[in-house]
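Descriptive analysis of the structure
Residue strings, one per chain:
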Amino acid sequence: MNFIFGKNNKTFRPKKSIQEGTHQYDLLQKAAKTLGSGDLRLAVRLPEGEDANEWIAVNTVDFFNQIHMLYGTLTEFCTDAACPVMSAGPKYEYHWADGEKIKKPIKCTAPRYIDYLLTWVQSQLDDETLFPSKINVPFPKNFLSVAKTILKRLFRIYAHIYHQHFKEVCELKEEAHLNTSFKHFIYFVQEFNLVERKELAPLQEFIDRLTSRDSSRSGASAGGGAASGSGGALASASGGSSVEQTQ
Ligand SMILES: [Zn+2]
């Protein structure tokens, strides 16, 4: 698999890493261990005695890295020509504004939007006053609201990938990886109420299918394979012609 961003994509930044030997690193290891158990609902829960902000911070960094990597394998398909707008199906179109440097939302191509988005997230994660990496440095009061904005925006990359690039994901045989990453993301944001339901609308039906399989696991029916196989994971995502624009 090619994890390095396309030759023509010089703007991608290196990923954020959590330093070995720190408490956050231990937390991440703990998370990875529970994930291995296969029960994602359990894996997202706050480990006993741990600080919720720190847990959210560590996982946010991890999701950022995962999405960065997943999207990185698709940059040759997600081009200005192929994706002239940042969309998630026919009903949802996103215009970029970060509220600081770019206040008035701009309409741009998907790769451009995603580049803005990842660059912005990286800058938040690198800001030691927002995401302190040192022990005993408190998280700021606005930490949760920043984390929520980051996760809300990262969701849009999943939404774009599922709607516009699922065929390519299957060709690369990455659908299992994508589904696991997305499911982990959804369980996490649900556990801590981090992303509003309306923001998840472009993938709501898919989310219901993905998560209902688990809730029915204890019962007799395991449900069908959501988003497996090739073709449209989201065949029925359209409907209505109005385009909802969100920043
Ligand atoms: Zn695209």
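Counting from 1, residues in each chain are numbered in the order their sequence is written. Selection of residues for local features in this predicted model requires a pLDDT of at least 70, selection of side-chain atom pairs for listing and counting requires 80 or more, and totals for whole chains, interfaces and linings are taken over all residues. Derived side-chain values reflect all non-hydrogen atoms in the structure, with water molecules and hydrogen atoms excluded from consideration.

A closer look at the confidence of the model for the protein
Per-residue confidence from the predictor is reported as pLDDT, a score between 0 and 100. Overall, the predicted model of the protein reaches an average pLDDT of 83, with 80% of residues at or above 70. Under the DSSP-based scheme used, a helix requires at least four consecutive residues in state H or I and a strand at least two consecutive residues in state E, with every element numbered from the N terminus. Mean pLDDT across the secondary structure elements of the protein bottoms out at strand β3 (residues 244-246), with 66, and peaks at helix α5 (residues 143-164), with 98. Here residues 1-12 is a poorly scored stretch, pLDDT under 50, and it has 19 contacts once near neighbours within four places are set aside; other chains count. Segment residues 218-232: pLDDT under 50, and 21 contacts once partners within four positions in sequence are set aside and those in other chains are kept. Pairs of residues are marked as contacts when any of their non-hydrogen atoms sit within 4.5 Å.

Some remarks on the pattern of salt bridges
We define a salt bridge as a side-chain nitrogen of Lys or Arg found within 4 Å of a carboxyl oxygen belonging to Asp or Glu. Within the structure shown, the criterion is met by four salt bridges. A salt bridge links Lys 107 to Glu 93, with the shortest nitrogen-to-oxygen separation between them at 3.5 Å. Within this pair, whereas Lys 107 is found in the loop between β2 (92-94) and α4 (110-126), its partner Glu 93 is found in strand β2, the two being separated by 14 residues in sequence. One salt bridge connects Arg 156 with Glu 199, and the closest N-O pair in it is separated by 3.4 Å. Placement of the pair is Arg 156 in helix α5 and Glu 199 in the loop between α7 (175-191) and α8 (204-215), with a sequence separation of 43 residues. Of the two residues, Arg 156 and Glu 199, both sit in the buried class. The buried label goes to any residue with under 20% of its type's maximum accessible area, the exposed label to any with over 50%, and the partly exposed label to all in between, with areas taken from a 1.4 Å probe on protein chains only.

Side note on the nonpolar core
Of all hydrophobic cores here, the largest spans 67 residues; its most connected members are Leu 154, Phe 155, Ile 157, Phe 182 and Phe 185. Every element with two or more residues in this core is listed here: α1 (23-36), α3 (52-72), β2, α4, α5, α6 (166-171), α7 and α8. Take this core: its biggest share by element is twelve residues, from α5. Other than its neighbours up to four places away in sequence, Leu 154 contacts Phe 63, Phe 64, Ile 67, Leu 117, Leu 118, Val 121 and Phe 185. What we call a nonpolar core is a set of buried Ala, Val, Leu, Ile, Met, Phe, Trp, Tyr and Cys residues that are connected through their side-chain atoms within 4.5 Å.

Overview of the packing of aromatic side chains
Think of a pair of aromatic rings as described by two things: how far the centres are apart, and how the planes are tilted against each other in angle. Two rings belonging to Phe, Tyr or Trp (six-membered ring only in the last case) form a pair when the distance between their centres is within 6.5 Å. Interplanar angles under 30 degrees mark stacking, angles over 60 mark edge-to-face geometry, and anything in between is tilted. Under the defined criterion, the tally for this structure stands at 17 aromatic pairs. Ring centres of Phe 131 and Phe 143 lie 5.2 Å apart, and the angle between their planes is 70°; this geometry places the pair in the edge-to-face category. Within this pair, whereas Phe 131 is found in the loop between α4 and α5, its partner Phe 143 is found in helix α5, the two being separated by twelve residues in sequence. Residue classification places Phe 143 among the buried residues on the basis of a relative accessible area of 1%. Joined through ring pairs, the aromatic side chains of Phe 63, Phe 155, Tyr 158, Tyr 162, Phe 166, Phe 182, Phe 185, Phe 188, Phe 192 and Phe 206 make up one cluster.

Observations regarding the coordination of the zinc ion
Taken together, the protein donors to the zinc ion comprise Cys 78 (SG), Cys 83 (SG), His 160 (NE2) and His 165 (NE2), at separations of 2.0 to 2.3 Å. Excluding water, the donors of a metal are its N, O and S neighbours within 2.8 Å, or within 3.2 Å for Na, K and Ca, and that exclusion means sites may look incomplete. Geometry is assigned from the angles between donors: four donors with all angles from 85 to 135 degrees make a tetrahedral site, four or six donors whose opposite pairs exceed 155 degrees while the rest stay between 65 and 115 make square planar or octahedral sites respectively, and everything else is labelled irregular. Around the zinc ion sit four donor atoms; with metal-centred angles ranging over 102 to 118°, the donor geometry is tetrahedral. If you list the donors of the zinc ion from N- to C-terminus, the spacing comes out as C-x4-C-x76-H-x4-H. Taken together, the residues span a long stretch of sequence, with Cys 83 in the loop between α3 and β1 (86-87) and His 165 in the loop between α5 and α6 at a distance of 82 residues. Summarising the burial analysis for this pair, Cys 83 and His 165 share the class buried.

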